[in-house]
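Chain and residue survey
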Amino acid sequence: MPYYEFHWNDEVIEHIEERGLSQDDFEHVVCNPSSKGLSRSSGLPTVWGYTVDGRYIMAVYEELDEVTLLPVTAYEVPEPR
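The present account deals with the structure reproduced in this document. (Residues numbered from 1 in each chain as written. Predicted model: local features only at pLDDT ≥ 70, side-chain atom pairs only at ≥ 80, totals over all residues. Heavy atoms only, no water.)

1. Overview of the overall build of the chain
- Tallying secondary structure elements over the chain gives two helices and five strands in all.
- Put simply, the chain runs from its N terminus to its C terminus through helices and strands in the order β-α-α-β-β-β-β.
- Relative to the compact-globule value of 12 Å for 81 residues, the chain shows a C-alpha radius of gyration of 12 Å, a close match.
- On the principal axes, the C-alpha backbone points of the chain span a range of 35 × 25 × 25 Å.
- A separation of at least 24 residues holds for 39% of the contacts in the chain among residues at least 6 apart in sequence.
- Summed over all atoms, the accessible surface of the chain reaches about 5,200 Å², with 47% contributed by carbon and sulfur.
- Taking the average location of the 5 positive side-chain charges in the chain and that of its 16 negative ones, the two points are 13 Å from each other. (Helix = DSSP H or I, 4+ residues; strand = E, 2+ residues; numbered from the N terminus. Rg over C-alpha atoms; globule rule 2.2 N^0.38 Å. Contact = heavy atoms within 4.5 Å. Areas by Shrake-Rupley, 256 points an atom, 1.4 Å probe, with all protein chains shown as cover. Lys, Arg positive; Asp, Glu negative; His and termini not counted. Charge placed at Lys NZ, Arg CZ, Asp CG, Glu CD.)

2. Remarks on the side chain of serine 39
- Residue placement: serine 39 occurs in the loop between β2 (35-38) and β3 (45-50).
- Beyond its immediate sequence surroundings of up to four residues, serine 39 is in contact with Leu44, Thr46 and Val60.

3. Observations regarding the packing of aromatic side chains
- Under the counting rule described, the total for this entry stands at four aromatic pairs.
- Ring centres of tryptophan 8 and phenylalanine 26 lie 5.3 Å apart, and the angle between their planes is 75 degrees; on these two criteria the pair is classed as edge-to-face. One end of the pair, tryptophan 8, is in the loop between β1 (5-6) and α1 (10-17); the other, phenylalanine 26, is in helix α2 (residues 23-31), with 18 residues separating them in the sequence.
- Judged by centre distance (4.8 Å) and plane angle (55 degrees), the ring pair of tyrosine 50 and tyrosine 56 falls under tilted.
- Clustering of aromatic rings is evident, with ring pairs tying together Tyr4, Phe6, Trp8 and Phe26. (Phe/Tyr/Trp six-rings, centres within 6.5 Å; stacked < 30°, edge-to-face > 60°.)

4. Comments concerning the nonpolar core
- Core analysis: the largest hydrophobic core is formed by 16 residues, its most contacted members being Phe6, Trp8, Phe26, Val30 and Ala74.
- Counting residues per element, the ones that place at least two in this core are α1, α2, β4 (56-63) and β5 (68-76).
- Considering each element in turn, this core owes the most residues, four residues, to α2.
- The residues touching valine 30, leaving out its near neighbours within four places in the chain, are Tyr4, Phe6, Val47, Ala59, Tyr61 and Leu69. (Core = buried A, V, L, I, M, F, W, Y, C linked by side-chain atoms within 4.5 Å. Buried < 20%, exposed > 50% of the residue type's maximum accessible area, 1.4 Å probe, protein only.)

5. What about the pairing of β2?
- By the bridge criterion, four bridges tie β2 to β3 in an arrangement that is antiparallel. Its bridge partner being in β3, glycine 37 is matched across the sheet by threonine 46.
- What sits between the antiparallel neighbours β2 and β3 is a turn of six residues, in which glycine 43 has the positive phi angle 80 degrees. (Pairing = 2+ DSSP bridges.)

Structure, rendered in structure tokens:
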């Protein structure tokens, strides 16, 4: 499992909490992704994966350097078929 420092701010925390997710959910999926890609709308790095409680989410972030990530958004998405 990779090691990252997450640079959280109040706005992003509130944003993902409005979607029923926590910082732990976000960090777990980023560190344990099922797949990786880029956001179609922003071009930022994106990962998909399962939270500890089994929800399938998409997490978008910005890479500030090799180990520091700035969370942008996260939300539940349909599971891949």
